[in-house]
Amino acid sequence: MCSVCNVAALCCGIDSSKAMYKLFCFLVLLLINFLWVSCVVFDDVEDNITLRNATNTDSNEKDEQGIRALLQMLLNPYTPTKVLSSRLQWARPTSFHFDPETKLLWNAKGEKAAHLGGATAVGAKDQFVWYNKDHRKAVIDLIDNFENATNPWEVYSMAYAIRNHINPRVFITVLLFLLETREDFEHVKAPSIAQVLPHLFFPDEGVLKSEGKDDQEQWKERSLKRTRRQVFQQFPNFEPLFSPGPFSQPFGAGTAIMPQQQVSPFSPIRQNFQNTQVSPFSPIRQNFQNTQVSPFSPIRQNFQNTQFRPFSPLRPIFQNTQISPQGLPFGQQFLRPRHPPVFVQWQHNIRRTDIPSEQNLAYWREDILFNGHHWHWHLVHQLGRPSVTRHRKGEQFYYMHRNILVRYNWERLSLGMDFVEAYGDLRTPIREGYNPRFTGGTGEPWGARPPNTRPQDVDRELTITIRRTEVWRRRLLHAIRTGVIISRNRNEIAIRDVDIPPGGRRGIDILGDALESDWLTSENYKYYGDYHNFGHYIISAAHDPKGTLNEPLGVMAEPVTSVRDPVFYRWHKHVDDLFDMYKVSQNPYESSELSFPGVQLVNAMLLDYTSEPNNLHTFFNTTTYNSRFGLDFRIQESDPNYRPVVIRILHLDHRPFNYQLQINSQLRTWKKVVVRIFLAPKMSGHGERMTYSEQRRHWGEMDVFDVDIVPGLNLVTRASQESSILGHEGFPTRGRPGNERFDYQGCGWPPHLLLPRGSPSGLNFQVFIMLTDADRDIISSSRRPRSSFCVPPRERFQDRRPMGFPLDREMESGSALSTQEVFRNYANVRIVDVTVTHLE
């Protein structure tokens, strides 16, 4: 080889040493190209597993194989297990065998391992209804059986045996719950519900728009129906050897597949790598000094310290490629070019409700991350388990849903609409009609509710009368007025937020469990019933209460879809009214609870670095959702010109901003303080100044964090992206406890919806900032960062104060004075006027 290089160099008049150097660089880059392609091919499922720094034992390898198979089950929920197993080359476990007739699961020794009678109560083709107690019970019964598994491989073995005999939605819910709660799955990133069940998020029809020059008539702008997802699309030029997995960051900037980014077999390798850190003229050692290449370690681990990350500019280069069916095993295939992608514009302006003003809010109600947030909260909080307790779960239900209502009212105010009206009388017509225009879990369209539909007693999958819910409401109102809940044992339990006995719970927490209704957490489920959940169910069946028309239920039957219906907010305004009756009944906070002697908040402002202080800006942003798995718009299944599909989503966004606080401490030593930040409109929908009592229910939490201060003047800067209520950008991920990037915020608020929309001329809001003593407020035992809307499994909520403190209760003078006037004498409080301007 060297002699050939020397001859070639002499013929070309090039120094042989330089030729050898360039050839060596070329081969190294070719190797990097090959390894990176393999990494990209693997990352569909591999990105969902954070590899542990453990020894490579057979047990660990089997567990990881089981986890990969479980993730592939999630991402292909309607494909039979045998098909998945053969196509994806799973290791087939023989540990368990399921008998469909007896509903018994047997182990390899012939011993009964579990009885799945309750878990099979929902038919395989039945519509799964979250707010149906029997359906949730089927989920919990299956969770009980899986909890006996000792390791991930055993979970996979059980899932392999029973998956085809369980309703797909029940199975998916159980598997996602296990990923969130089992300690041996802590290193696994849980896919978002939009990745697992995309048909619940994207309509059946989409508008295809070709990009650049395209003379083919089939790709001109037109509407095409979306086909049901399959694990393998049978195209002549596309036959993957394993299942496509989730796109690691489907809802983030920089992940779009651009049409011009195609791999050309004739383009120089250097051109493909022009955006990377590798230069063909830099020393090789410098390029690889942070890399530890082991022939036995996973590819992703080899590159974990390099500049090549899944979201680097390099990745899009290979996203338009295909896997050759003739290649090396384990994903080490050579890739060839694929046709440029087709962009599907997801339209929010498709008419779904008969009221134009309500239709204008579709961008907010149908936001993908917002819908996922609401579903994720109910997944991890409502499925109460003795082994997975949720600290202050009832209070969390009240507080999270109040923040949803608050932010919905912010949007209504931004569009010149009145605050939402409560809908609590199920005997009156529902003013708003709603047609979701997409399919549910059975493949059939969700039920559509005509305008002015009057709910009736329901007698279909579940039998429930309106009179029964009215009895439950009267009992709940009596408990609120008397301050007493009747327990299962007919004992009286005082509900109050002060003077709580050791080991006791706040009244708002007890009331929340009774209202949100879970038979495992409610103090007396039979007496107080299932008011909130059955209200959802009755409304979802209003268009066909007896099932005589064989119409599916409406979107109010599911947490993953219910927030899209305008009546959701009216029903929850009624539920929030019940909570607020309790809050009003509590004594106002005393001055000693509100003050912070020796600490003064001297000044506060909000800066987005593009304008004057206290001026914030929102706008609509277009983000791409890579649908390389899960969504398929095509004319014919065998079309050789098939192209990958990228969804374009228009969503509200805002310029990042910082809080800047000046804190003066007169204390002798350093002190940890808690900073509480809330936002509310300054004026009512009619342009009138609101009193404290009127404004109190419109404060939404923006951030709560702790900071250390020293004697004297302290300058504290806090970025809006660090807010305690937010999930990380993109869909839910998981990480390692103790890690700075540990992420248990799948149910965190979507980052792009932190601010209200505002108006083109600027809408006036107020920011309430309060400093409190961390020694009094913070529970320091938690190993995870604070999350205001989520309490991780087996953890305690980190704030001892009531959620929403100090704006959750009335003040003695609140009925006449403004919030500014009520807190005028507290040096640890500042209220800042801000303007939110929407850029069009």
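Keep in mind the model is a prediction, meaning the values are calculated, not measured.

1. Side note on the overall build of the protein
Point 1. Each helix and strand in the protein was counted, giving 24 helices and 21 strands.
Point 2. Among the 840 residues that make up the protein, the fraction classed as buried is 59%.
Point 3. Long-range pairs, those at least 24 residues apart, make up 76% of the contacts in the protein between residues at least 6 apart in sequence.

2. Points about the sheet that holds strand E13 (residues 599–607)
Point 1. One open sheet holds the 3 strands; their spatial order is E13-E16-E19, and the pairing between them is antiparallel. In the strand order of this sheet, the two ends are held by E13 and strand E19 (712–719), each with one partner. The sheet shows a mean angle of 15° between the axes of neighbouring strands, direction not considered.
Point 2. As defined by bridge partners, E13 adjoins strand E16 (residues 658–665) across 8 bridges and the pair is classed as antiparallel. Within E16, the residue paired with Asn 603 across the bridge is Gln 662.

3. Considering the packing of helix H5 (residues 133–147) against helix H6 (residues 152–162)
Point 1. Packing of H5 against H6 leaves a shortest axis separation of 10 Å and a crossing angle of 135°. Put simply, H5 runs oblique to H6. Mapping the contact onto sequence places Leu 142, Asn 145 and Phe 146 in H5 and Val 155, Met 158, Ala 159 and Ile 162 in H6.
Point 2. Within the contact of H5 with H6, the residues separate by chemical class into 6 nonpolar, 1 polar and no charged.

4. Some remarks on the nonpolar core
Point 1. Core analysis: the largest hydrophobic core is formed by 112 residues, its most contacted members being Tyr 569, Leu 661, Met 702, Trp 749, Phe 768 and Phe 823.
Point 2. Among the elements that line this core, the one with the most residues is helix H15 (residues 393–414), at 10 residues.
Point 3. If we ignore the near neighbours within four places in the chain, the residues touching Trp 749 are Trp 364, Phe 370, His 373, Ile 404, Arg 407, Ile 725, Leu 726, Gly 727, Leu 754 and Phe 789.

5. A look at the pattern of salt bridges
A side chain of one charge can pair with a side chain of the opposite charge when the charged atoms of the two come close.
Point 1. Going through the model one piece at a time under the given rule, you end up with 41 salt bridges.
Point 2. Between Arg 676 and Asp 799 there is a salt bridge whose closest N-O contact spans 2.6 Å. Separated by 123 residues along the polypeptide, Arg 676 in strand E17 (residues 671–681) and Asp 799 in the loop between helix H23 (774–777) and helix H24 (819–822) bring together distant segments of the chain.
Point 3. Among the salt bridges present, the one from Arg 824 reaches Glu 821, with a minimum N-O distance of 4.0 Å.
Point 4. For Arg 824, a relative accessible area of 58% gives the class exposed.
Point 5. Owing to a relative accessible area of 27%, Glu 821 belongs among the partly exposed residues under this scheme.
Point 6. Through salt bridges that share partners, Arg 402, Lys 573, Asp 576, Asp 577, Asp 580, Arg 696, Arg 697 and Glu 810 make up one connected network.

6. Observations regarding the packing of aromatic side chains
Point 1. Under the criterion given, the structure shown has 28 aromatic pairs.
Point 2. With 6.2 Å between their ring centres and 45° between their planes, Trp 377 and Phe 397 make a pair best called tilted. Here Phe 397 lies in helix H15 and Trp 377 lies in helix H14 (residues 368–382), a separation of 20 residues in the sequence.
Point 3. On the basis of relative accessible area, Phe 397 is assigned to the buried category, the value being 1%.
Point 4. Taken together, a centroid distance of 5.9 Å and an interplanar angle of 65° make the contact between Trp 699 and Phe 768 edge-to-face. Residue Trp 699 is found in the loop between helix H22 (692–695) and strand E18 (700–709), and its partner Phe 768 is found in strand E20 (residues 763–773); the two are separated by 69 residues along the sequence.
Point 5. Classification of Trp 699 by relative accessible area gives buried; the value is 5%.
Point 6. Judged by its relative accessible area of 0%, Phe 768 is buried.

7. Thoughts on the confidence of the model for the protein
Point 1. Overall, the predicted model of the protein reaches an average pLDDT of 75, with 68% of residues at or above 70.
Point 2. Note on residues 207–224: pLDDT is under 50 here. Beyond four places in sequence and across chains, it has 42 contacts.
Point 3. Taken as a whole, residues 731–745 scores under 50 in pLDDT and shows 55 contacts with residues more than four places along the chain or in a different chain.

8. Focus: the pairing of strand E2 (residues 104–107)
Point 1. As judged from the 4 bridges shared by strand E1 (residues 96–99) and E2, these two strands associate in the antiparallel manner. Bridging from a neighbouring strand, Phe 96 pairs with Asn 107 of E2.
Point 2. The hairpin formed by E1 and E2 contains 4 residues between the paired strands, and Lys 103 there has a positive phi angle of roughly 65°.
Point 3. Where E2 lies against strand E3 (residues 112–115), 3 bridges are found, and the strand directions are antiparallel. Note on E3: the bridge partner recorded for Leu 104 is His 115.

9. Observations regarding unusual backbone geometry
With the exception of glycine, most residues fall at negative phi, and the peptide bonds are largely trans.
Point 1. A cis amide bond, omega 5°, links Phe 805 with the succeeding residue Pro 806.
Point 2. Within the secondary structure layout, Pro 806 lies in the loop between H23 and H24.
Point 3. Positive phi values are uncommon outside glycine, yet Asn 452 reaches one of about 60°.
Point 4. As for its position among the elements, Asn 452 is in the loop between H15 and strand E9 (458–459).

10. Section: the sheet that holds E2
Point 1. Pairing within the open sheet is antiparallel, and its 3 strands lie in the order E1-E2-E3. The strands lining the two open edges of the sheet, one partner per strand, are E1 and E3. Strand-to-strand, the axes of this sheet are offset by a mean angle of 25°, without reference to chain direction.
Point 2. Sheet contacts for H6: E1 and E2; angle to E1, the most-contacted strand, approximately 30°.

What counts and how
Residues numbered from 1 in each chain as written. Predicted model: local features only at pLDDT ≥ 70, side-chain atom pairs only at ≥ 80, totals over all residues. Heavy atoms only, no water. Helix = DSSP H or I, 4+ residues; strand = E, 2+ residues; numbered from the N terminus. Buried < 20%, exposed > 50% of the residue type's maximum accessible area, 1.4 Å probe, protein only. Contact = heavy atoms within 4.5 Å. Pairing = 2+ DSSP bridges. Axes fitted to C-alpha atoms, helices over the stretch in contact; angles between N-to-C directions. Parallel < 35°, antiparallel > 145°, perpendicular 65-115°, else oblique. Nonpolar A, V, L, I, M, F, W, Y, C, P; charged D, E, K, R; others polar. Core = buried A, V, L, I, M, F, W, Y, C linked by side-chain atoms within 4.5 Å. Salt bridge = Lys/Arg side-chain N within 4 Å of Asp/Glu carboxyl O. Phe/Tyr/Trp six-rings, centres within 6.5 Å; stacked < 30°, edge-to-face > 60°. pLDDT = per-residue confidence, 0-100.

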